[in-house]
Amino acid sequence: MLARADRGRLAGLLAPAYLWLTAAVFLPLSAMLWFAFLTDVPFGGREASLTLDNFARALTNPTYRILLGKSLELGLIVTALCALIGFPCALVLAKAIRGRAREALFLLVILPFWSNSLVRIFSWAIVLRGNGVLDSAVNWISPWPVDVNLMFSQSAIVIGLVHSYLPYMILTCYLALQGIDDALIEAARSLGAGPLRILWRLLIPLAAPGLIAGAVLIFVPVVGSFMEPRILGGRVGTYFGTVIEDQFIAVFNWPLGAALSFCLLAVVLVILAIAAPVLRRAA
Amino acid sequence: MTLRIAGRLWLALVLFFLYAPILAMAAMSFNASPFYQLPFTFSTEWYVKLAGNAEILAASWQSVWIAVVVTVIATVLGTAASLAFFRYKFPGKRLLQALLFPPIAIPWLITGTAMLIFFFAIGIPRGAPAVIVGHVALAVPYVIVVVSARLAGFDPLLEEAARSLGATQWTITRRVTLPFLAPGVIAGGLFAFAVSFDQFVVSYFLAEPGDMTLPVLIYTAIRKGFTPEINAISTIIIVVSMLVMLLAARGFRFGGDR
């Protein structure tokens, strides 16, 4: 138990940060749940009464169900691609490159992740559109004219999202792989294990927490993405996230938007709860 | 040996994938053609146009001053909380630390819309104050994580020694703890700046349509049909945010081995 003076100091140090988080994150999330049960916004002199209609609409309307499925599928595709591309990359960084070169390369991989995500998605719009950079490059090499226009397709959305979240997977896998003792790999090799066997039976199982942490940290935001599908998907870019955006920005049906947002939050919380033990070990 | 070469090649390809679009975007901001047409003709026309674009300048200023305010508030709040976690053992500590996770892990779309609803309901309309309140909440957990990482290397005996020599708690904090913490605090502050300066989603829901931050303005411009001016400002943004992170990396190693 703390002395009284210490208790005062502790409260003084912690209270500002946590009161702020409560007012700006936890209370809003609670308010959103409350809103989801209302018929209308309860301000501006409008009458609002309690209802289950918003949740009923969010859960039974086939459009929303299909879109949620589409968003989950997008999350799976992007996560799988990030794992396939990122794991080997992390392996090379952690086990094949040493010293200053590794430090520099690692920073180079992580740097884009910490730069502006909207601008990076915009840069893909410049590359992918018809007459864009990719189109010109391919036509410059190819002896016959090829029409390359990936813009406004699901491929464009997937490329943009993989670009956005790949560094996450490399980071978590790198940290996990770095923790593996090189002597273990040496031992496996001297016992006659080939590279594939070492990968399957040693590296992947031991680095699993990193892979899972990366997968969760990618899957969750991708399921809730709306800016990337909007910019790179155009008309095919309707997902669960863009429907929520519409309720708040275009249609102004806030209670329905709150109900949809809350359904998404429920999905996210279930995923985080399942992964929590692994994430704690990986941290 | 072939495996080694293949590995390095793979890494090189991934780096190409990560940087090529950004470099292409930057190159196009120096291309004279307003329709992004090749061949490439060097021109600084779009940067000159940028300097005369009142809307973009206003949004840039808005983004910068908001990020500075957010940095100051989030760094103070986050550093104080990290000190509390470092110095004291108390019931509920693990729960409080776990509560830092939701603001980072919950998609910003959900947090942003929830903030919009709540702030509106309690009478904070869309605008700069709402944006600042939201950004600080997103940045504080990052500051706590970064500063705590630095504190992990701090010897509590130093504080103990100062206390036994008669220093008050405030003197200890000011003369012993904070000087040691400085690199961590600066790195945490740079993270906070980056979180705010690059934040699009939460700003999008909280900013006033007539008084946008830079990312919100860019998003609106992209959807309306853009010109290389947007490339120019985007190039500036990405250079600024990469520089900020490079500086932060000096004070805080991303789990590298040292």
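Trainee: Any chance you could explain the overall build of chain A here in plain terms?
Mentor: Across its full length, chain A holds 12 helices and 0 strands. What you see in chain A, going N to C, is helices and strands ordered as α-α-α-α-α-α-α-α-α-α-α-α. Whereas a compact globule of 283 residues would reach a radius of gyration of roughly 19 Å, chain A reaches 24 Å, over 25% beyond that. For chain A, the spread of C-alpha atoms along the principal axes amounts to about 75 × 75 × 30 Å. The proportion of buried residues among the 283 residues of chain A is 45%. Here the contacts in chain A between residues at least 6 apart in sequence split such that 71% fall between residues at least 24 apart.

Trainee: I would appreciate a short explanation of the overall build of chain B in the present structure.
Mentor: Tallying secondary structure elements over chain B gives 12 helices and 0 strands in all. If you line up chain B on its principal axes, its C-alpha atoms span 70 × 65 × 30 Å. Long-range contacts, defined here as pairs at least 24 residues apart, represent 80% of the contacts in chain B between residues at least 6 apart.

Trainee: What exactly am I supposed to notice about the domain arrangement of chain B here?
Mentor: When the parts of a complex come together, some accessible area is lost, and that lost area is often taken as the interface size. All names here are of chain B. Segmentation of chain B into domains returns domain 1 (1-32 + 39-43) and domain 2 (54-251). Centre-to-centre, using C-alpha coordinates, domain 1 lies 31 Å away from domain 2. Contacts between the two partners involve 6 residues from domain 1, matched on the other side by 6 residues from domain 2. A class-by-class count of the residues in the side of domain 1 that touches domain 2 yields 4 nonpolar, 2 polar and no charged.

Trainee: What is the right way to look at the environment of Ile233(B) in this model?
Mentor: Residue and element names in this part refer to chain B. Residue placement: Ile233 occurs in helix H12 (residues 228-251). Given 24 C-beta atoms within a 10 Å radius, Ile233 is considered buried. Sequence separation between Ile233 and Phe16 is 217 residues, and the spatial gap between their C-alpha atoms is 23 Å. Those residues in contact with Ile233, other than ones at most four positions away along the chain, are Leu50, Ile56 and Ile218.

Trainee: How should I be thinking about the packing of helix H4 (residues 99-110) of chain A against helix H7 (residues 154-178) of chain A in this particular structure?
Mentor: Two quantities define a packed helix pair, namely the angle between the axes and the distance from one axis to the other. Residues and elements named next belong to chain A. Two elements in contact, H4 and H7, have axes separated by 9 Å at closest approach and are oriented at 140°. Seen from H4, the contacting residues are Phe106, Val109 and Ile110; seen from H7, they are Pro167, Ile170, Leu171 and Tyr174. The residue makeup of the contact of H4 with H7, split by class, is 7 nonpolar, no polar and no charged.

Trainee: Honestly, helix H9 (residues 195-223) of chain A in this entry has me stumped. Any pointers?
Mentor: Residues spaced three or four apart along an α-helix face the same direction, because each turn holds 3.6 residues. Here H9(A) is 29 residues long, yet its end C-alpha atoms lie only 35 Å apart, well below the 42 Å a rise of 1.5 Å per residue gives. Bending of H9(A) peaks at approximately 55° at the position of Ala208(A), with proline Pro209(A) no more than four residues after it.

Trainee: Hey, could you run me through unusual backbone geometry in this one?
Mentor: In terms of backbone geometry, most residues other than glycine have negative phi values and most peptide bonds are trans. Residues and elements named next belong to chain A. The phi angle at Phe152 is positive, at roughly 60°, despite the residue not being glycine. Mapped onto the fold, Phe152 is located in the loop between helix H6 (133-141) and H7. Even without being a glycine, Phe252 presents a positive backbone phi close to 60°. Structurally, Phe252 can be placed in the loop between helix H11 (240-249) and helix H12 (254-282). Overall, Phe252 belongs to the exposed group, with 11 C-beta atoms counted inside 10 Å.

Trainee: Got a minute to help me understand the interface of chain B and chain A in this structure?
Mentor: Taken together, the contact between chain B and chain A spans 69 residues of the former and 73 residues of the latter. Residues belonging to the side of chain B that touches chain A are distributed by class as follows: 54 nonpolar, 11 polar and 4 charged.

Trainee: I keep staring at the confidence of the model for chain A and nothing clicks. Help me out?
Mentor: Parts of the prediction with low pLDDT should not have their coordinates interpreted in detail. Residues at a pLDDT of 70 or more form 96% of chain A, whose mean pLDDT is 89. The secondary structure element of chain A with the lowest average pLDDT is H6(A), at 81, and the one with the highest is helix H3 (residues 62-96) of chain A, at 95.

Trainee: Even after reading the chapter, I still don't get helix H1 (residues 4-35) of chain A, so can you show me in this structure?
Mentor: Residue and element names in this part refer to chain A. Compared with the 46 Å implied by 1.5 Å per residue over 32 residues, the 41 Å span of H1 between its first and last C-alpha is markedly short. Where H1 bends most, at Thr22, the angle is about 40°. For H1, every residue scored as buried is listed here: Leu13, Leu14, Ala17, Leu21, Ala24, Val25, Pro28, Leu29, Met32 and Phe35.

Trainee: What exactly am I supposed to notice about the packing of helix H5 (residues 117-128) of chain A against helix H11 (residues 214-224) of chain B here?
Mentor: Here H5(A) crosses H11(B) at 25°, and the two axes come no closer than 10 Å. Classed by the angle they form, the pair H5(A) and H11(B) counts as roughly parallel. For the element pair H5(A) and H11(B), the recorded crossing hand is left-handed. In this structure, H5(A) contributes Leu118(A), Phe122(A) and Ala125(A) to the contact, and H11(B) contributes Pro215(B), Ile218(B), Tyr219(B) and Ile222(B).

Trainee: Explanation requested: the confidence of the model for chain B in the structure shown.
Mentor: All names here are of chain B. On average, chain B scores 89 in pLDDT, and the residues at 70 or more come to 97%. Counting interchain partners and residues more than four positions distant, the pLDDT-below-50 stretch residues 254-258 has 8 contacts. Across the interfaces of the predicted complex, the ipTM metric reaches 0.90, alongside a pTM of 0.91.

Cut-offs used in this document
- Residues numbered from 1 in each chain as written.
- Chains lettered and ligands numbered in written order.
- Predicted model: local features only at pLDDT ≥ 70, side-chain atom pairs only at ≥ 80, totals over all residues.
- Helix = DSSP H or I, 4+ residues; strand = E, 2+ residues; numbered from the N terminus.
- Rg over C-alpha atoms; globule rule 2.2 N^0.38 Å.
- Buried ≥ 20, exposed ≤ 12 C-beta atoms within 10 Å, placed from the backbone.
- Contact = placed C-beta atoms within 7 Å.
- Domains from an automatic or database assignment.
- Nonpolar A, V, L, I, M, F, W, Y, C, P; charged D, E, K, R; others polar.
- Axes fitted to C-alpha atoms, helices over the stretch in contact; angles between N-to-C directions.
- Expected span 1.5 Å × (residues − 1).
- Bend = angle between axes of the 7 residues up to and from the residue.
- pLDDT = per-residue confidence, 0-100.
- Parallel < 35°, antiparallel > 145°, perpendicular 65-115°, else oblique.
- Left-handed = near helix turned anticlockwise from the far one by under 90°.

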